[in-house]
Amino acid sequence: MNLPPPSARCGPCPRVFLLGAVSLLAITAAGASLQVSIRPGSEAGGLDVRSVHCPGDVFDFRTCEGVVVGSRDLGLFQVKLPPTFGGGQKTWRRDGDRWSYSWPYAQGVTVHVAVEPEADSLKLEYTLHNAGPGALDAVQLHTCIPTTEAPGFFPPATVRHGQTNWSELYERLHVWSGGRRFRFAETKLAASEPHLSLMQKGAAPVTWGWWVNSPETFDPPLIALASRDRKRTVALAFERAIWASSNTGDDRACFHLFPWFGRIEPGRSETVRGRMYVLRGGPGEAMKRFRRDLPQAVVPSP
């Protein structure tokens, strides 16, 4: 298991504003309320996502912090893309409103990521190709949304057992089970665990990294964070995802939902689609959009 030191986990990437190039490196599709730009210095294929709904907030959407196969990863914080467009191989490629890149890992797995703004969401498409000699089982991809540069969503620091944490985030972070929405703060381990994770109902427990699974489970592959004033929501959803988590142990104060690829045979590819939302209204609005945009999502039966 290849784990970075705590200071590097979900670590912040340097902010660099290329003032003369912003118009060339940003995308706002017709009718979209989101503006997306390449995040210079990112180690995770990072994008800066801004919304007219919360103009003071910047979401550092880390499209790929790593690939997880069972209980091991293929190396974290490797996806270092230049801040300018290229042909798409280890660079962002722009085709109209659609941006994409491919990143090959030394172990024979290539990640292809494509994003496209639509209204108040970012359409996501992840394809993993297995060029290795053997099948890969229990494959996931590590996404991340820190709130550090989004003051409307960033939690206040608190001290617990002599340690500073940002666990107020749990009060506003939501998943759904049995048709009921519940907060991470309601889980059994929320009071003690700064690296809290939940499994989808019926999924085999994932054991990787510093995450600790609480016994509660979720159904739809959707995670939603309400703003501090409860008037806006940022959310992440996929067709398939079995693991949701949040880090409140440092000032990244981030949350995650990993797209799930399951088993990938040699020479084969698997694709998972999803959405990132920045919406007016509470988490219920994210659920409405999830049902409309991802009707094929895998949701366990009651």
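Residues numbered from 1 in each chain as written. Predicted model: local features only at pLDDT ≥ 70, side-chain atom pairs only at ≥ 80, totals over all residues. Heavy atoms only, no water.

What should I look at first to understand the overall build of the protein in this one?
A tally of regular secondary structure across the protein gives two helices and 21 strands. For 302 residues, the compact-globule formula gives about 19 Å, and the C-alpha radius of gyration of the protein, at 18 Å, lands near that figure. In terms of its C-alpha atoms, the protein occupies a principal-axis envelope of roughly 45 × 45 × 40 Å. Here the protein, with 302 residues, has 56% of them falling under the buried criterion. Considering only contacts in the protein between residues 6 or more positions apart, those separated by 24 or more positions represent 62%. Carbon and sulfur atoms form 53% of the exposed surface of the protein, whose accessible area is close to 11,900 Å². Positive and negative side-chain charges in the protein, numbering 34 and 28 respectively, have mean positions lying 2 Å apart. (Helix = DSSP H or I, 4+ residues; strand = E, 2+ residues; numbered from the N terminus. Rg over C-alpha atoms; globule rule 2.2 N^0.38 Å. Buried < 20%, exposed > 50% of the residue type's maximum accessible area, 1.4 Å probe, protein only. Contact = heavy atoms within 4.5 Å. Areas by Shrake-Rupley, 256 points an atom, 1.4 Å probe, with all protein chains shown as cover. Lys, Arg positive; Asp, Glu negative; His and termini not counted. Charge placed at Lys NZ, Arg CZ, Asp CG, Glu CD.)

Could you clarify how one ought to interpret empty space enclosed by the protein in this entry?
A water-sized probe, rolled over the atoms, reveals where empty space remains. Counted by the stated rule, this structure contains one cavity of 30 Å³ or more. When its volume is computed, the largest cavity comes out at roughly 30 Å³. Every residue along the wall of the largest cavity is listed here: Ile38, Arg39, Ser42, Gly45, Gly46, Val79, Lys80, Leu81 and Trp92. The residue inventory of the lining of the largest cavity, partitioned by class, reads four nonpolar, three polar and two charged. (1 Å grid on protein atoms, 1.4 Å probe; cavity = no way out; pocket = protein on both sides within 12 Å on 5 of 7 lines; lining within 4 Å. Points joined across faces, edges and corners; volume = space filled by probe spheres on them. Nonpolar A, V, L, I, M, F, W, Y, C, P; charged D, E, K, R; others polar.)

Can you walk me through the pairing of strand E19 (residues 241-247) in this structure?
Every regular strand shows the same layout, with side chains that alternate between the two sheet faces. For E19, a buried count of seven out of seven residues is recorded, marking the element as mostly surrounded by other parts of the structure. One ladder, built from five bridges, connects strand E15 (residues 195-200) with E19; its direction is antiparallel. Across the sheet, the residue bridging to Met199 is Trp243, located in E19. Remark: six residues form the turn of the hairpin made by E19 and strand E20 (residues 254-264), two consecutive strands paired antiparallel; Ala253 in that turn has positive phi of roughly 40 degrees. (Pairing = 2+ DSSP bridges.)

I tried to follow the pattern of salt bridges on my own but got confused; where do I start?
Where charged atoms of side chains with opposite charge meet at close range, the side chains can pair. Per the stated rule, a full pass over the model turns up 25 salt bridges. Note that Arg62 is salt-bridged to Asp60, the shortest N-O span being 2.8 Å. One exposure class covers both Arg62 and Asp60, and it is buried. For Asp293, the salt bridge identified is with Arg289, shortest N-O distance 3.5 Å. Placement of both Asp293 and Arg289 in helix H2 (residues 283-293) is noted, with a separation of four residues, approximately one turn of the helix. Each member of the pair Asp293 and Arg289 is classed as buried. Members of the salt-bridge network, linked through shared partners, are Glu118, Asp120, Lys123, Arg275, Arg289, Arg292 and Asp293. (Salt bridge = Lys/Arg side-chain N within 4 Å of Asp/Glu carboxyl O.)

Even after reading the chapter, I still don't get the nonpolar core, so can you show me in this structure?
If you look at soluble globular proteins, the nonpolar side chains tend to sit buried side by side. Ranked by size, the top nonpolar core spans 58 residues in total, and within it Phe59 and Met276 carry the most contacts. The greatest single-element share of this core, amounting to five residues, is contributed by strand E4 (residues 59-69). Contacts of Met276, omitting those with residues within four sequence positions, involve Val49, Phe59, Phe61, Asp120, Ser121, Leu122, Leu124, Ile145, Val234, Ala235 and Leu236. Ranked by size, the runner-up nonpolar core spans twelve residues in total, among them Leu222, Ala235, Ala286 and Ala297. (Core = buried A, V, L, I, M, F, W, Y, C linked by side-chain atoms within 4.5 Å.)

Looking at this structure, how should I read the environment of Asn213?
With respect to the helices, strands and loops of the structure, Asn213 is situated in strand E16 (residues 212-218). Residues Asn213 and Leu189 lie 24 residues apart in sequence; the distance between their C-alpha atoms is 8.3 Å. Within polar-contact distance, the side chain of Asn213 engages the backbone oxygen of Val206 at 2.9 Å. Here the side chain of Asn213 touches Trp243 through a polar contact of 2.9 Å, side chain to side chain. (Polar contact = N/O pair within 3.5 Å; in protein donor to acceptor, adjacent residues only side chain to side chain.)

Help me out: how do you make sense of the layout of surface pockets in this one?
The space that makes up the largest pocket amounts to roughly 260 Å³. Lining the largest pocket are 16 residues, and of these Gly179, Asp219, Pro220, Arg291 and Val299 sit closest to its centre. With three residues, the top contributor of residues to the lining of the largest pocket is H2. The residue makeup of the lining of the largest pocket, split by class, is ten nonpolar, three polar and three charged.

Any chance you could explain the sheet that holds strand E18 (residues 232-238) here in plain terms?
The strands making up a sheet are joined through hydrogen bonds of the backbone, oriented either antiparallel or parallel. Read across the open sheet, the nine strands follow the order E6-E7-E8-E9-E21-E18-E17-E13-E14; overall the sheet is antiparallel. Since the sheet does not close on itself, it has two edges, and those belong to strand E6 (93-95) and strand E14 (180-183), each with one partner. For this sheet the average axis-to-axis angle between neighbouring strands, irrespective of direction, equals 20 degrees. Here four bridges tie strand E13 (residues 173-177) to E14, and the two strands are oriented antiparallel to one another. Each residue of the ladder has a partner; that of His174, found in E14, is Arg183. (Axes fitted to C-alpha atoms, helices over the stretch in contact; angles between N-to-C directions.)

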